[in-house]
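# Coordinate analysis (summary)
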Amino acid sequence: MTTPGPLLETRIGDLVLKNPVMTASGTFAYGAEFAPYVDLNDLGAVVVKGISLEPRQGNPPPRTAETPCGMVNAIGLENVGLERFLADKLPYLRRFDVPVVVNVLGRQVDDYVRLAGALSEAGGVSAIELNVSCPNVKSGGQTFGVDPEAVNALVAAVRPAASIPLWVKLTPLVTDIVIIGRAAQEAGADAVCVGNTFPAMAIDVHRRKPKLGNVVGGLSGPAIRPIMVRLCWLLARSLDIPVIGIGGVMCADDALEYLLAGARAVQVGTANFVDPRTTVSIVEGLRKYLAEQGVGRVDEIVGQLRLE
Amino acid sequence: MFSLEANIIRQTPCGAGFYLLELEAPDVSSRAAPGQFVMVRVGDDYDPLLRRPLSVHDAGDGRIRLLYRVVGKGTGRLSRRGEGERVGLLGPLGNGFEVRPPLDTAALVAGGRGVAPMLFLARRIRRECPSARLILFFGARTGEELVRLEAFENLNVEMRLATEDGSKGTKGLVTQLVRGSLLSDAEVRIYACGPMPMLKALGPVAAEQSIPAQVSLEAHMSCGLGVCRGCVVKTKNGYAHVCQDGPVFPLDAPDWEVRT
Ligand SMILES: Cc1cc2nc3c(=O)[nH]c(=O)nc-3n(C[C@H](O)[C@H](O)[C@H](O)COP(=O)(O)OP(=O)(O)OC[C@H]3O[C@@H](n4cnc5c(N)ncnc54)[C@H](O)[C@@H]3O)c2cc1C
Ligand SMILES: Cc1cc2nc3c(=O)[nH]c(=O)nc-3n(C[C@H](O)[C@H](O)[C@H](O)COP(=O)(O)O)c2cc1C
Ligand code: FES
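Presented here is a report on the structure given in the accompanying data block. (Residues numbered from 1 in each chain as written. Chains lettered and ligands numbered in written order. Predicted model: local features only at pLDDT ≥ 70, side-chain atom pairs only at ≥ 80, totals over all residues. Heavy atoms only, no water.)

## Points about the packing of aromatic side chains
- Scanning all chains against the criterion turns up 6 aromatic pairs over all chains.
- Consider the rings of Tyr 112 of chain A and Phe 144 of chain A, whose centres lie 5.4 Å apart with planes at 85°: the pair is edge-to-face. Of this pair, Tyr 112 of chain A sits in helix 2 (residues 109–122) while Phe 144 of chain A sits in the loop between strand 8 (127–131) and helix 3 (148–158), placing them 32 residues apart in sequence.
- Take Tyr 112 of chain A: its relative accessible area is 0%, and that puts it in the buried class.
- Each ring, one from Tyr 19 of chain B and one from Tyr 68 of chain B, has its centre 5.8 Å from the other, and the planes form 20°; the classification is stacked. Of this pair, Tyr 19 of chain B sits in strand 2 (residues 18–24) while Tyr 68 of chain B is found in strand 6 (residues 63–69), placing the two residues 49 residues apart along the sequence.
- What makes Tyr 68 of chain B buried here is its relative accessible area of 2%.
- Against the face of Tyr 239 of chain B rests Lys 234 of chain B, its NZ or CZ located 4.9 Å from the ring centre. (Phe/Tyr/Trp six-rings, centres within 6.5 Å; stacked < 30°, edge-to-face > 60°. Helix = DSSP H or I, 4+ residues; strand = E, 2+ residues; numbered from the N terminus. Buried < 20%, exposed > 50% of the residue type's maximum accessible area, 1.4 Å probe, protein only. Lys NZ or Arg CZ within 6 Å of the ring centre and 35° of its normal.)

## Thoughts on the site of ligand 1
Residues and elements named next belong to chain B.
- Around ligand 1 there are 20 residues in total, and Arg 52, Pro 53, Arg 69, Gly 74 and Thr 75 lie nearest to it.
- Here Gly 72 contributes a backbone N or O atom positioned 3.1 Å from an oxygen atom of ligand 1.
- For ligand 1, the protein covers 80% of the area, taking 850 Å² as the surface of the free molecule.
- The set of elements that each furnish at least two residues to the shell around ligand 1 consists of strand 4 (52–55), strand 6 and helix 2 (73–79).
- Examining the composition of the shell around ligand 1, we find that 4 residues originate from one element, strand 4, more than from any other.
- Of the residues that constitute the shell around ligand 1, the class distribution is 10 nonpolar, 5 polar and 5 charged. (Near = heavy atom within 4 Å. Polar contact = N/O pair within 3.5 Å; in protein donor to acceptor, adjacent residues only side chain to side chain. Areas by Shrake-Rupley, 256 points an atom, 1.4 Å probe, with all protein chains shown as cover. Nonpolar A, V, L, I, M, F, W, Y, C, P; charged D, E, K, R; others polar.)

## Comments concerning the pattern of salt bridges
- Across all of its chains, the model carries 29 salt bridges over all chains by this definition.
- Among the ionic pairs, Arg 297 of chain A bridges to Asp 299 of chain A, the shortest N-O distance being 3.1 Å.
- As a salt-bridge pair, Arg 123 of chain B and Asp 58 of chain B come within 2.8 Å of each other at their nearest N and O atoms. Highlighted residues: Arg 123 of chain B in helix 3 (residues 118–128) and Asp 58 of chain B in strand 5 (residues 58–60), separated in sequence by 65 residues.
- Overall, the relative accessible area of 5% leaves Asp 58 of chain B in the buried class. (Salt bridge = Lys/Arg side-chain N within 4 Å of Asp/Glu carboxyl O.)

## Regarding the packing of helix 2 of chain A against helix 3 of chain A
All names here are of chain A.
- Between helix 2 and helix 3, whose axes approach to 9 Å, the crossing angle comes to 35°. Between helix 2 and helix 3 the crossing geometry is right-handed. Each of Val 109, Tyr 112, Val 113 and Ala 116 in helix 2 lies in contact with helix 3, whose residues at this interface are Leu 154, Ala 157 and Val 158.
- Here the contact of helix 2 with helix 3 is built from residues that sort into 7 nonpolar, no polar and no charged. (Axes fitted to C-alpha atoms, helices over the stretch in contact; angles between N-to-C directions. Left-handed = near helix turned anticlockwise from the far one by under 90°. Contact = heavy atoms within 4.5 Å.)

## Notes on the interface of chain B and chain A
- On the chain A side, the residues contacting the 26 residues of chain B number 29 residues.
- Taking both partners together, chain B and chain A bury about 2,500 Å²; carbon and sulfur atoms supply 60% of that area.
- The residue Arg 52 of chain B makes a salt bridge to Glu 66 of chain A at a minimum N-O spacing of 2.7 Å.
- Those elements that place two or more of their residues in the side of chain B that touches chain A are strand 1 (2–15), strand 7 (86–93) and strand 15 (238–241) of chain B.
- Broken down by element, the side of chain B that touches chain A gets its largest block of residues, 3 residues, from strand 15 of chain B.
- Across the side of chain B that touches chain A, the residue classes break down as 14 nonpolar, 7 polar and 5 charged. (Buried area = accessible area lost by both parts, 1.4 Å probe.)

## A word on the sheet that holds strand 3 (residues 37–41) of chain B
Residues and elements named next belong to chain B.
- Across the sheet, which stays open at both edges, the 7 strands sit in the order 4-3-7-1-2-6-5 with antiparallel pairing between neighbours. Edge strands, defined here as strands with exactly one partner in the open sheet, are strand 4 and strand 5. Within this sheet the neighbouring strands show an average axis-to-axis angle of 35°, counted without direction.
- Note that strand 3 and strand 4 share 4 bridges and pair antiparallel. When the sheet's bridge partners are listed, Val 38 is paired in strand 4 with Leu 54. (Pairing = 2+ DSSP bridges.)

## Side note on the nonpolar core
- Counting residues in hydrophobic clusters, the biggest one holds 137 residues, and the most contacted among them are Leu 130 of chain A together with Ile 190 of chain B.
- When sequence neighbours within four positions are dropped, the list of residues in contact with Leu 130 of chain A reads Val 104, Tyr 112, Leu 154, Val 155, Val 158, Leu 166, Trp 167, Val 168 and Lys 169 of chain A.
- Membership of the second largest hydrophobic core comes to 34 residues, among which are Phe 97, Leu 103, Ile 125 and Ala 140 of chain B. (Core = buried A, V, L, I, M, F, W, Y, C linked by side-chain atoms within 4.5 Å.)

Don't take any of this as a statement about function, it's just geometry.
Written as structure tokens, this is what we have:
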């Protein structure tokens, strides 16, 4: 289909997206819940809720708390597990002309390897996104994503099992994100996504209790956007593989911040809760911006931040 | 499920921090069932960020009414919106109360703001089970908090009131009123909404008299759509999601021991 006006198509390695607007894992479930509000065919890609080998129950409530311009969540990676995802959720998504990206999580390297293998063979999955913000059982529960060697080893182990593109979703809580990004790139990642939620907590001062059952959680929403834009900019300048920007994207201008900073695409998370039509509004807004700026293709503005 | 910008027709304070918000929302109005809720965007900016869940207090004539109490930032913000403005509305969401004949007596048990879904429920019972006796057991801390009584009177609902300070109705808890005042030989049903301790205390009362009871629960909700997986309550079979599996549950479904 050819649409008049600026071209929104973008590429993440070999994967072609109709536009640079995807959903972020955990904020769009498995797609069906949004069908009353969004035509999934209009999205750049659907990134589904993180999948583990076995189903997970998640954390005790309360699981979310609102904070200024953001929210802290400790869902605990509740998900249906690989088997039910393949049987019940993926067939629905296959009916649409939209790339499906599956976010995966594990406790040890082997979990990721098995997930990547099964998802590559399933058919209808366009890319795998490794969530490295999970506790690594082997290293005493420290998350994979804070250690460049752990990231390198994980990606290197998963790479041969994944016959489809492999993205690595980084945690923002590291001293030097570029070292971690390089570790992923050297091990064969096709793209990095930056990033996951920022570790955080909120306290109910009247009851003197944590607001979350899990005590700590992850901060998302507009509150984290400036932090993530910077990380994205640092990575885009240093890596050869594409960078995908995530964090507090609420409108087209927010998406444009990431694109100008060097991201080839963005993911929309918490904003889906604020307005289920956010993703398609952003696509519309990008189209308008490009027309106004007289830019022919969205690719032409990627990394075009003026720094004189 | 609809997502729309609804016109505010009017907003009226009802005392004790309660507000009655009337919105133009024909689709939501015609589809809504008692016990269902809507997610309301209280402002256009990002603080507060998330929508707030509010029960449908009443629906009809292309309109819905919400009855809410100001408890924090979001409800405070909403209370300052007025006629001619619009608010984002998502709904109707969740399951509702089951209303089905035969029904001889419906006991609507409300604690505080838990009275919100009861008016729409009373109206629906009047329509579906015209001969049913309707009793509202309504408890609050003070008499001033017993809001919207006239709306229930207009539907010929019998009233049993209780306040903790004794300023109106019986002094004490509403569950004490329910105990002993229901006939267990007829088709009686309990519909309840209120604070967790009230719902928990209702358990033995309903069980003693073998009265089927449905309760509407609250949880922190980010999406209201079954997406974020945040709104869980512990049940006897693991976690249930209040926005999707509820908010109305059979009284014996939640695992009351783990709740505080
Ligand atoms: C299905 C459902 C239906 C509801 N219907 C009504 C109604 O008809 N009328 C009414 O007055 N209230 C209703 N509530 C409660 C209402 O959603 C909360 O009072 C409101 O979200 C608080 O927002 P706030 O920003 O004013 O308060 P905040 O500043 O966020 O918090 C103030 C207090 O409210 C609690 N709270 C915050 N968010 C929620 C939430 N999502 N659910 C429950 N408690 C919360 C906090 O723990 C805190 O104690 C309902 C809740 C649910 C889940
Ligand atoms: C409720 C919720 C659940 C999430 N679940 C996942 C998950 O399963 N896997 C993952 O990699 N990220 C998960 N995330 C993180 C988001 O995908 C995203 O990285 C983060 O929220 C920042 O983007 P935002 O500010 O647009 O929300 C979750 C976020 C939220 C708010
Ligand atoms: S509020 Fe998001 S799953 Fe229930």
